[in-house]
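Here is what each chain is made of, one letter per residue.
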Amino acid sequence: MLAVRGVAKAFGPTKALSDASLAVRSGEVVALLGENGSGKSTLVKVLSGVVRPDAGELVLDGRPVRPGSPRDTLRAGIVTVYQEILVAPDLTVLDNLWLGSAAFTERSERARRRARAREVLDVLSPDPIALDGPVSALDLMQQQVCVIAQALLRDPRLLVLDEATSTLDVTLRDRLMAEVRRRCDEGAAALFISHRMDEVLAHADRFVALRGGVTVGELPRSGADAETLVRLVSGEEATAQRRSTRRGGHGLQRTVLEVSQLRIQPSSEPLDGIVRAGEIIGLAGLEGHGQDEFLQCLAGLRRPAAGEVVLRTGPHGAGTTVRNYRQAVRAGMAYVPRNRKTEGIAGVLSNLDNFTAPTLRRDARLGLLGRARRAARYRRFAEFVNLTAPPGKAVVHLSGGNQQKVIVSRWLAREPSVLLLNDPTRGVDLRTKQELYGVLERLADQGTTIVMLSTEVEELIGLMDRVLVFHGGSCAAVLDRSEATRERLVSAYFGHGSGATGSEEVR
Amino acid sequence: MVDVSALPTRLRAASRGVGASGAGLVLVVVLVFLAGRSLVPGYSQPSSIRAMAVLAAFLGIAAIGQVLVVLNGHIDLSVPALIGAGNVIAARLAGDGVNPVVIVLVVLATGFAIGLVSGVVIARWNVPSLVVTLAVASVVGGGVLVWTKAQLLGEAPSWLPGFTSSAASTGPLPVPPVVVLWIGLVLVGAYLLRATPAGRKLYLAGVNPRAARLMLVGDRTVTAVVFALSGMFAALTGMLLTGFTGGGLYTVGEAYLFSSIAAVVVGGNSLLGGRGGIVRAALGAIALTELTTLLVGFSLDSSAQQAVLGALIVVVVVTYGREQALRDQI
Amino acid sequence: MTAAVAVPRRRAVGLRMPRSPLAVVVVVTACLLVANLVVTPGFLAPDRLPGTAELFVPLALAAMASVPSILSGGGGLDLSVGPLLGIVNIVAVAILMPAGLVAAEVSIPLCVLLGAAVGAINGAVVAFVRLQPIVVTLGTYLVLDGLALVLMPQPVGTAPPWAAWLSGSWLGGFAPRSLLLLVAGCLLWVLARRLGFVTLVRAVGSDARAAFTSGVRVGLVRFGAYALGGALAGLAGLALTVLINSGDATVGPQYTLAAVAAVALGGNALSGGRGGIAGPLLGALTLFLIQSLLSALAVSSLWIQVVHGSVLLAAVCINSSIGARVGRRAAAIQGG
């Protein structure tokens, strides 16, 4: 149906694509694989008409096409869901869903527009999303659902999903992939990009790998496993699927974080617990079940309905009750927010400026910032997280993974006792993910307490010492490393297997 | 005139070669000067250059405050009112024979305090700065009218005419002291923005207040302080202008409402915040003064001058101030 | 199913949220209206109503003219609205009248077209040359203001006959004819909304990149927004001609900042994407009522600026703080 041949695109001196080729046939789901910087996103932009290629051709149904803008490709039936969640936040959900399509302005179509929108949203999301509220009132995942629904409403012939599942929870991801499969069976096709190996293996019919802007290989579904795919993508021997060898605690028995009688909402069950130095705690659950709110309570960004959070970071375990964010940070807490673009970075400013923001005071002598001091600090922590981007580059031009490294390392520069991370590996490629895991483990070994919200089962199993699974606004299960299996986690997501450890194994 | 109409193409061709928009701005400043030199007799004589420098200094000092506000993503419409207030206060106090140091301190403190009020209101209640500063301008302007009963009162402090006259010189330098003051403020200001925590915080809060707050940058404090500084610089400009007005003339600031904003935007600073700097505003002030002087040289009447200036501002900014295309932002 | 229960609750919240801030403006405006009626019992009497309406309509239309450009985002702002009012007034008096184009059906459409054309020029430079809107419209401001003074250095005391007709009224003063211009402006807006154009402008103002990737022609929409604003400014220029019943180059520019203030008072986001014309119209009414209250109270002309500024400051703070509280509450309900 669609073929891309020998596409090349350079931005100034950097060559994003030099020889990318790809073919998608009607009825199949193709996975496009590649590390950050391999040119995947640029290829997607070429397909969607955002970027005009310097060389090469796009052939649609046997005819060469030269799309000038997304409008042209949308007309041709190629619909893209971008990595970044692109919504018009002030518009209603209904208007967002139909934005830009031909039926958008016709009044006679109003009833049909509502009905179709409802239909598509209900296919994707089990909880109904109100059509008439502004999109800005929705959480990140619901916004993602809106973007996907907008794409599906256009009845795409080729649906391009660029990291579109990254904020979705397990249920929604399955629903989406089922719908994609159904549409492909009816003759459409899908090209999807994901950094989640399990997802790629479960849903794709074929794999195409990009490396350095060149298509380097293709594999059918049969005969592909995680190891061969990683080898294909990275061009190196695959590192075996990680399973941490750390022992939690490391004999450091000092309590760092204490939660007593904490209720996220008035209706939640109270939660008590202590976290020791050097532990890595995972927070999990289906989206909107309280894990995000819990993390924000820990960070002082949200007031719990009842109970308190105490940071025991002072000398001899002296405690500070967390009242607000600023005070919590002063007491040795650090928080990596969920939405990198809106909460994490100041886009047009340099990497270095973004890195030094929370440590400005320490870099100043007599009120002046020492250039050398800042640079030295940057070098030290950039090395620690293996960040290679030049300090002067605008942070907005870095890949998601590198941006995350900047954000994490700037907090490390404050040497926090407790590091809170809100889904830090979303939209980050495999290699960078592995690097981040390594960084977190090293930190834990040095005695830093880490609490991390994650939407990825793999990392919950592989990285965490303990996992708190939330359901309905309360902590419904606590799984130790030894108990954390895929099955138990997922069933805990749905409220089963709750409570004490040692309850019977599901399945 | 033929040469002037050919100017934009030449500029564009030249600036494309230079690439960076900052260099484009410097080029515009140079080329406008060269154009003036070839088109208007006497344009490049030392006396007229010094006169231009003094005018640019007045505009430039007011624009320092405005650009700080703009970097924070806001706009300050109370600049003319505070120029008027600074002017009237300085003249009044000088007329009463008050010590010059006290005059300077009172003027700066008044400007700072009034600006601080605007800034606190804007930051605390999250109100559009445009409306708040418009309202504050109205209050301050009215207050000065009530105080002076709309009369020209007082006199310029005795040392001021020598400070701001275009014929004056600074010690051995053949440059009026006000110009030296301006250049000094610009250089020190630009250095402080680069090299102090407060300066970096201004940029962080201007680009993304929400992220800045999570990075422990007090975005509200930043907003309050930049408005206070803007008020202070406006009041300072007003005081310096007494050398021209002779006495306290409230309306002296009116010309600076749009020209302080124009200097900032002609300098290529973005009103969306976080992009630009003090040096750019200074270059903008120079470019604007050069253009105005050029038009005066054509002996057009003031309204025709203004019309041509409006068109020229747009043409000049086209050469270096174009925004990125949407497709490059995705 | 719990899902079925959840739908109506959420929908109710979704509907209430955008409307609440407007309710605050309504209350503030109503209070000011009552104050005016207390101070001047005959404030809305038929003998005064036409004059009152005449004063209000240019400001209201200028506020409306500022809406589309602000709504289209990207730092959108049309500073040239005020001088555009002025130039329309001057063209009507100093160019169309001497040329014999005095008939309403000729000169009124010409004036609106002139406004739209100037708006379109602004829009073309903003959307296609991609300059910051404030630079472009500041340039246009200076050009129009200068041009107006060149065309008419001194006020001219005549006006076309339709101006006199529009300053009259029907029903013995109860239905001032100047309101026809305001109605025309509202109709223009309603038409734009019905065609879906307003939603497109909001989409572009809310997130231009999202609109672009959804297939919206962002440049064209921005261009249209400025042209629409220009047409509304053309109507405002006609209303100004009705008000001053002459040609005067110095009156128009004063409307620019008042118009933007009205838009902000009305609760529209100056960053774009949010709001319609109801808020700005109420904002214009607020400004107007403050003004007329002060003149009715015979506040000394020296004090009038101080009081006007203070009231404006208070009004905008009240709007914003109550609006924020309402918004927070709605968000809390939504989240819980």
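Undergrad: Is there a simple way to explain the overall build of chain C in this structure?
TA: Looking only at helices and strands, one finds 13 helices and two strands in chain C. Within chain C, buried positions represent 57% of all 336 residues. Put simply, 80% of the contacts in chain C that link residues at least 6 apart link residues at least 24 apart.

Undergrad: How should the interface of chain B and chain C be read in this particular structure?
TA: By a widespread convention, an interface's size corresponds to the accessible area lost as its parts come together. Contact with chain B, which involves 46 residues of that partner, is made by 46 residues of chain C. Of all the secondary-structure elements, those providing two or more residues to the side of chain B that touches chain C are helix 5 (100-125), helix 6 (129-148), helix 12 (256-266) and helix 14 (302-318) of chain B. It is helix 6 of chain B that contributes the most residues to the side of chain B that touches chain C, 13 residues altogether.

Undergrad: Looking at this structure, how should I read the packing of helix 4 (residues 79-95) of chain B against helix 5 of chain B?
TA: In a packed pair of helices, the relevant descriptors are the angle between the two axes and the axis-to-axis distance. Residues and elements named next belong to chain B. Contact geometry of helix 4 with helix 5 gives a least axis separation of 10 Å together with a crossing angle of 155°. Looking at the two axes, helix 4 sits roughly antiparallel to helix 5. Taken as a pair, helix 4 and helix 5 cross one another with a handedness that is right-handed. On helix 5, the residues that touch Leu-82, Ala-85, Gly-86, Ile-89, Ala-90, Leu-93 and Ala-94 of helix 4 are Ile-103, Val-106, Val-107, Thr-110, Gly-111 and Ile-114. Partitioning the contact of helix 4 with helix 5 into residue classes produces ten nonpolar, three polar and no charged.

Undergrad: Can you walk me through the interface of chain A and chain B in this structure?
TA: Across the contact, 24 residues belong to chain A and 20 residues belong to chain B. Going through the elements one at a time, helix 10 (325-330), helix 11 (340-344), helix 13 (360-363) and strand 18 (368-369) of chain A are the ones with two or more residues in the side of chain A that touches chain B. When residues of the side of chain A that touches chain B are assigned to their parent elements, the largest contribution, three residues, is made by helix 11 of chain A. Looking at side-chain class alone, the side of chain A that touches chain B contains 15 nonpolar, four polar and five charged residues.

Undergrad: Explain the sheet that holds strand 11 (residues 255-263) of chain A here, please?
TA: The pairing of strands in a sheet happens through backbone hydrogen bonds and is either parallel or antiparallel. Residue and element names in this part refer to chain A. Spatially, four strands are ordered 12-11-14-15 in an open sheet, and the strand pairing comes out antiparallel. The open sheet terminates on both sides in strands that have one partner only, identified here as strand 12 (271-276) and strand 15 (320-321). Across five bridges, the pairing between strand 11 and strand 14 (residues 306-311) is antiparallel. Paired with Glu-258 across the strands is Val-310, a residue of strand 14.

Undergrad: How should the sheet that holds strand 21 (residues 466-471) of chain A be read in this particular structure?
TA: Residue and element names in this part refer to chain A. Within the open sheet, the six strands sit side by side as 16-19-20-13-21-22. Their pairing is mixed. Edge positions in the sheet fall to strand 16 (333-336) and strand 22 (474-480), since each of these pairs with one other strand and no more. Between one strand axis and the next, the sheet turns by 20° as a mean value, whatever way the strands run. As defined by bridge partners, strand 21 adjoins strand 22 across six bridges and the pair is classed as antiparallel. Across the sheet, the residue bridging to His-471 is Ser-474, located in strand 22.

Undergrad: Please clarify how the nonpolar core should be interpreted in this entry.
TA: Nonpolar side chains tend toward joint burial in soluble globular proteins. Among the nonpolar cores identified, the biggest contains 389 residues, and Leu420(A), Val469(A), Val131(B), Leu59(C), Leu61(C), Ala62(C) and Ala261(C) are the most heavily contacted of them. When neighbours within four sequence positions are excluded, Leu420(A) is seen to be in contact with Leu295(A), Leu298(A), Ala299(A), Met333(A), Ala334(A), Tyr335(A), Val336(A) and Val451(A).

Undergrad: Help me understand the environment of Arg154(A), please; the structure alone is not making it clear to me.
TA: Residue and element names in this part refer to chain A. Locating Arg-154 in the fold gives a position in the loop between helix 5 (140-153) and strand 7 (158-162). Of the residues examined, Arg-154 has 21 C-beta atoms within 10 Å and is grouped as buried. C-alpha of Arg-154 to C-alpha of Asp-292: the two residues are 138 residues apart in sequence and 33 Å apart in space. Other than its neighbours up to four places away in sequence, Arg-154 contacts Leu-74, Val-79 and Ser-101.

Undergrad: When you look at helix 12 of chain B in this model, what are you seeing that I'm missing?
TA: Residues spaced three or four apart along an α-helix point in a common direction, a consequence of the helix completing one turn every 3.6 residues. All names here are of chain B. Burial analysis of helix 12 places ten of its eleven residues in the buried class, the great majority of the element. Taken together, the buried positions of helix 12 are Tyr-256, Phe-258, Ser-259, Ser-260, Ile-261, Ala-262, Ala-263, Val-264, Val-265 and Val-266. Where helix 12 terminates, the next one or two residues include Gly-268, which has phi positive at roughly 85°.

Undergrad: Could you clarify how one ought to interpret the environment of Leu302(C) in this entry?
TA: Within the secondary structure, Leu302(C) is located in helix 13 (residues 301-335). For Leu302(C), a count of 16 C-beta atoms within 10 Å puts it in the partly exposed group. C-alpha of Leu302(C) to C-alpha of Ala284(C): the two residues are 18 residues apart in sequence and 23 Å apart in space. In this view, Leu302(C) contacts Leu145(B), Val146(B), Lys149(B) and Ala150(B); residues no more than four positions away in its chain are not counted.

Undergrad: What exactly am I supposed to notice about the pairing of strand 1 (residues 2-11) of chain A here?
TA: The two faces of a sheet get side chains in turn, since along a regular strand they alternate between them. Residue and element names in this part refer to chain A. When strand 1 meets strand 2 (residues 14-24), the two strands line up antiparallel, connected through seven bridges. In the strand pairing of strand 2, Val-4 is matched with Leu-22. With five bridges connecting them, strand 1 and strand 4 (residues 55-60) associate as antiparallel partners. The residue of strand 4 that forms the bridge with Arg-5 is Glu-57.

Scoring rules and cut-offs
- Residues numbered from 1 in each chain as written.
- Chains lettered and ligands numbered in written order.
- Predicted model: local features only at pLDDT ≥ 70, side-chain atom pairs only at ≥ 80, totals over all residues.
- Helix = DSSP H or I, 4+ residues; strand = E, 2+ residues; numbered from the N terminus.
- Buried ≥ 20, exposed ≤ 12 C-beta atoms within 10 Å, placed from the backbone.
- Contact = placed C-beta atoms within 7 Å.
- Axes fitted to C-alpha atoms, helices over the stretch in contact; angles between N-to-C directions.
- Parallel < 35°, antiparallel > 145°, perpendicular 65-115°, else oblique.
- Left-handed = near helix turned anticlockwise from the far one by under 90°.
- Nonpolar A, V, L, I, M, F, W, Y, C, P; charged D, E, K, R; others polar.
- Pairing = 2+ DSSP bridges.
- Core = buried A, V, L, I, M, F, W, Y, C linked by C-beta atoms within 7 Å.

Just geometry here; none of it tells us what the structure is for.
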